[in-house]
Amino acid sequence: MMTLVVASLVERGIAGVSRSSKKAFDAGADLVEVRLDHLRRIDDDDRLVHDARAVIDGPAIATLRSEREGGKSRSSGGARRATLREVVDAGYEYIDLESARDGALLEELQSRSGLPKTISSFHYTRPAAKHHVKARIQRACSAADIAKVAVPCADAAQAVVLAELALELRKERRAFAIIGIGVQGQLTRACSSGMGSMLVYACVDGKEAAPGQLDVRTQSRLLEKDSVILGLIGHPVAHSVSRPMQEAALKSVGLNGIYLPLDIPPKRMTRTTVNTLFDIGFDGLNVTVPNKRLASRMCDLRRPHAVSTDSVNTLLRRKGKLVGENSDTVGFEKLLSSEKVAVDNASALVIGAGGAARAACWMLRDGGADVTVSARRIKPASEVAGMCGGKAVPYSTLETMAEEYDIVVNATPIGTKGTDQGRKSLPKGVLANARVLVDLVYNPPETPSMRAVRKRGRPAHGGLEMLVRQGEEAFIIWTGLKPDVGSMRRAARRAVGA
Ligand code: NAP
């Protein structure tokens, strides 16, 4: 079953409908949807239904979205029915009817053959349970040619549930369109074809009919066979700058594609969730806080750096198997070499005991450094230290620490913009005794800790180059192609305002 790209036209006048429909078809839309409810005076003048149809040079859906379902139409009862009857006569290929209020007309149209085809739609105003949405779609399928449901998604896990439902309905050979509303619902648009949705709605000139719509050109290109769908699983993900950076990478090698930050709360970070994402068309995933250890545990195969660090930030599926790698290691190594930080025989203090600390410790050990790890909780610090043959010291000792270290690595979020850690610095003893500070935080480009170390006349390097280089490595793992690092770096710098 082919997925058709529908351009939603939210215009106030007929001239706008004419202009936007031309743009939509030029950009690759298969159909346009005239949102009749957006037309000025539609509730008083039914002739507009015909006028709008007359200026569209291609197949069209007519939709009179009611206020109750997020539209602008206030008409109800006989007045609503009269406008919809005009649609039947005006030569539209499809008519969108709301299952909650247009039941009688749906029944009448279903019993006759020919055009318009019917879309029975329902728009939830808040996230809904899977069984509820499923029952609604099954009912709508028996009442119309296509069942359409739109559900707001507060996070990407809710969109994944919609994707799971779509895969079930696809097996039942149902004709449906399932849409997750909002930025976190975007995966249901990017992967509409993989989900088996018959229609996917897109916008013209950025005028969204619903939050999260992609523009028509992007949406059409995503349906092409060789397009690449990538994403980042984490919680939270709003701070991430990987989307512009990875989309610059895609562009640099001439690939169509998209990179979606997916907010997946830890409880929903399951093998089923990851499998569903690959089932509906994702080609590769990054993993970030707090899911890297979990990701490592769920892989069928792990590449060497994932094994060494027991932490995975890059996932792909090969021959049905989930494969994991850690590209933070390579990113960290390249950051050190680009800044000419000597590692062999250096004394290194790594602060933090999460995924980033694991990558840093492993590469420091590999380069011949003597590694000490410090974290608020001594148990994970000892675990990481054990992994790289180093020792752990309590975090409480860092404030008054007197020992100098050749390299200090901040692998905590301390100093990250937009968080309550934003204005914080590392403990005083650390700032006074770091010969070189490597701060893995990349936003802002200069953290308070970096500023303090530089004030003492010592070098301090931020995490942006590591971000770019781990991204480059992940991209190569997913696509087998080498992206232009310069484009990725420029996109990342722009995104953090550097
Ligand atoms: P993670 O797995 O959540 O680990 C964070 C570590 O920092 C934990 O040990 C945590 O200790 C500690 N921590 C958190 N807040 C702290 C505080 N206020 N004081 C002291 N310790 C604190 O995260 P991660 O993946 O390792 O990432 C850590 C940082 O590195 C993040 O800021 C991330 O953005 C950055 N990073 C950068 C790159 C890059 O490419 N530049 C790549 C990966 C990560 P508790 O367990 O006690 O909370």
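Before going into details, it helps to say that this report is about the structure given with it. Within each chain, residue numbers correspond to sequence positions counted from 1 in written order. Only residues with pLDDT of at least 70 get local features here, since the model is predicted, and only at 80 or more are side-chain atom pairs given and counted; chain-wide, interface and lining totals rely on the full set of residues. Processing note: side-chain calculations cover all non-hydrogen atoms of the structure and skip hydrogens and water entirely.

Focus: the nonpolar core
In step 1: Counting residues in hydrophobic clusters, the biggest one holds 47 residues, and the most contacted among them are Ile137, Leu187 and Phe282.
In step 2: Helix and strand definitions here come from DSSP, where helices need a minimum of 4 consecutive H or I residues and strands a minimum of 2 consecutive E residues; each element is numbered from the N-terminal end. Broken down by element, the residue count for this core peaks at 8 residues, all from helix α6 (residues 156–171).
In step 3: Pairs of residues are marked as contacts when any of their non-hydrogen atoms sit within 4.5 Å. Among all residues touching leucine 187, those that are not within four sequence positions of it are Ala156, Ala159, Val160, Leu260, Leu262, Leu277, Ile280 and Phe282.
In step 4: Working definition of a nonpolar core: buried Ala, Val, Leu, Ile, Met, Phe, Trp, Tyr and Cys residues. They are joined through side-chain atoms within 4.5 Å. Accessibility here uses a 1.4 Å probe with only protein chains present; expressed as a share of the type maximum, an area under 20% marks a residue as buried, one over 50% as exposed, and anything in between as partly exposed. Leu9, Val34, Ala60 and Val87 belong to the second-largest nonpolar core, a separate cluster that totals 34 residues.

Some points on the environment of methionine 401
In step 1: Structurally, methionine 401 can be placed in the loop between β17 (391–394) and β18 (407–410).
In step 2: Sequence-wise, methionine 401 and alanine 348 are 53 residues apart; in three dimensions their C-alpha atoms are separated by 14 Å.
In step 3: Not counting the four nearest positions on each side in its chain, methionine 401 is found in contact with Leu349, Gly429, Val430 and Asn433.

Some points on helix α4 (residues 103–110)
In step 1: Taken as a whole, α4 has its buried residues at Leu105, Leu106 and Leu109. Each buried residue of α4 sits inside an arc of 105° when the element is viewed along its axis, so together they form one side. With respect to the buried face of α4, the exposed residues turned more than 90 degrees away are Ala104 and Glu107.
In step 2: Tucked into the core, α4 has its buried residues touching α3 (77–90), β4 (94–98), β5 (117–123) and α5 (130–143). Arc, as used here, means the arc of the directions from the helix axis to the C-beta atoms.

What to know about the sheet that holds strand β1 (residues 4–9)
In step 1: One open sheet accounts for 8 strands, arranged β7-β6-β5-β4-β3-β2-β1-β8; its pairing is parallel. Strands with a single pairing partner mark the edges of an open sheet, and in this sheet they are β7 (176–181) and β8 (199–203). This sheet shows a mean twist of 25° between the axes of neighbouring strands, independent of strand direction.
In step 2: Pairing analysis gives 5 bridges linking β4 to β5, with the strands arranged parallel. Within β5, the position partnered with aspartate 96 by the bridge is isoleucine 119.
In step 3: Whenever a helix is involved, its axis is fitted only over the stretch in contact; in every case the axis is a line through C-alpha atoms, and angles between N-to-C directions fall within 0 to 180 degrees. Helix-sheet contacts for α4 involve β4 and β5, and the interaxial angle to β4 is about 145°. Following DSSP output, two strands are said to pair if at least two bridges run between them.

Observations regarding the site of the ligand
In step 1: Around the ligand, 24 residues are found, and the nearest of them are Ala353, Ala356, Arg376, Arg377 and Gly463.
In step 2: Contacts to the ligand include glycine 355, whose backbone N or O atom sits 3.1 Å from an oxygen atom.
In step 3: Side-chain polar atom of arginine 377 to an oxygen atom of the ligand: 2.7 Å apart, as the coordinates give it.
In step 4: Note on areas: these come from Shrake-Rupley sampling with a 1.4 Å probe, and a residue is covered only by the protein chains present in the view. Relative to its unbound accessible surface of 920 Å², the ligand loses 82% to contact with the protein. Whether a residue is near a molecule or strand is decided by its heavy atoms; if any one of them lies within 4 Å of it, the residue is near. Throughout this description, a polar contact denotes any pair of N or O atoms lying within 3.5 Å of each other; where both atoms belong to protein, one of them has to be capable of donating a hydrogen while the other can accept it, and for residues adjacent in sequence the pair is counted only when both atoms sit in side chains.

Points about the pairing of β5
In step 1: Most of β5 sits out of view: 6 of its 7 residues are buried.
In step 2: Consider the strands pointing away from the viewer: the crossover is right-handed when the path from the first strand over the helix to the second runs clockwise. Read from β4 through α4 to β5, the crossover connection turns out right-handed.
In step 3: Both β5 and strand β6 (residues 146–152) contribute to a ladder of 5 bridges, which runs parallel. Bridge pairing in β6 places histidine 123 opposite alanine 150.

A closer look at unusual backbone geometry
In step 1: Going from leucine 115 to proline 116, the amide bond is cis rather than trans, its omega being -5°.
In step 2: In this fold, proline 116 is placed in the loop between α4 and β5.
In step 3: Note the cis peptide between histidine 235 and proline 236, where omega equals 5°.
In step 4: Among the secondary structure elements, proline 236 is positioned in the loop between β9 (228–234) and α10 (242–252).
In step 5: A positive phi is found at arginine 173, a non-glycine position, where the angle reads about 60°.
In step 6: Within the secondary structure layout, arginine 173 lies in the loop between α6 and β7.
In step 7: What makes arginine 173 exposed here is its relative accessible area of 73%.

Here's the deal with helix α14 (residues 328–338)
In step 1: Asp328, Thr329, Val330, Gly331, Phe332, Leu335 and Leu336 are the residues of α14 that are buried.
In step 2: In this structure, the buried residues of α14 make contact with α12 (292–298), α13 (304–309), α15 (355–366), β18, β19 (437–439) and α19 (464–479).

Some words on the pattern of salt bridges
In step 1: One side-chain nitrogen of Lys or Arg within 4 Å of one carboxyl oxygen of Asp or Glu is enough to make a salt bridge. This model, assessed by the stated rule, comprises 37 salt bridges.
In step 2: Here arginine 80 and aspartate 102 are joined by a salt bridge, their closest N and O atoms 2.9 Å apart. Of the two residues, arginine 80 is situated in helix α3 and aspartate 102 in the loop between β4 and α4; the sequence distance between them amounts to 22 residues. Assigned by exposure class, arginine 80 and aspartate 102 land together as buried.
In step 3: For glutamate 98, the salt bridge identified is with arginine 101, shortest N-O distance 2.7 Å.
In step 4: Residue classification places glutamate 98 among the buried residues on the basis of a relative accessible area of 0%.
In step 5: By relative accessible area, which is 30% here, arginine 101 ends up partly exposed.
In step 6: Several salt bridges converge on common partners, so that one network encompasses Arg65, Glu69, Arg80, Asp96, Glu98, Arg101 and Asp102.

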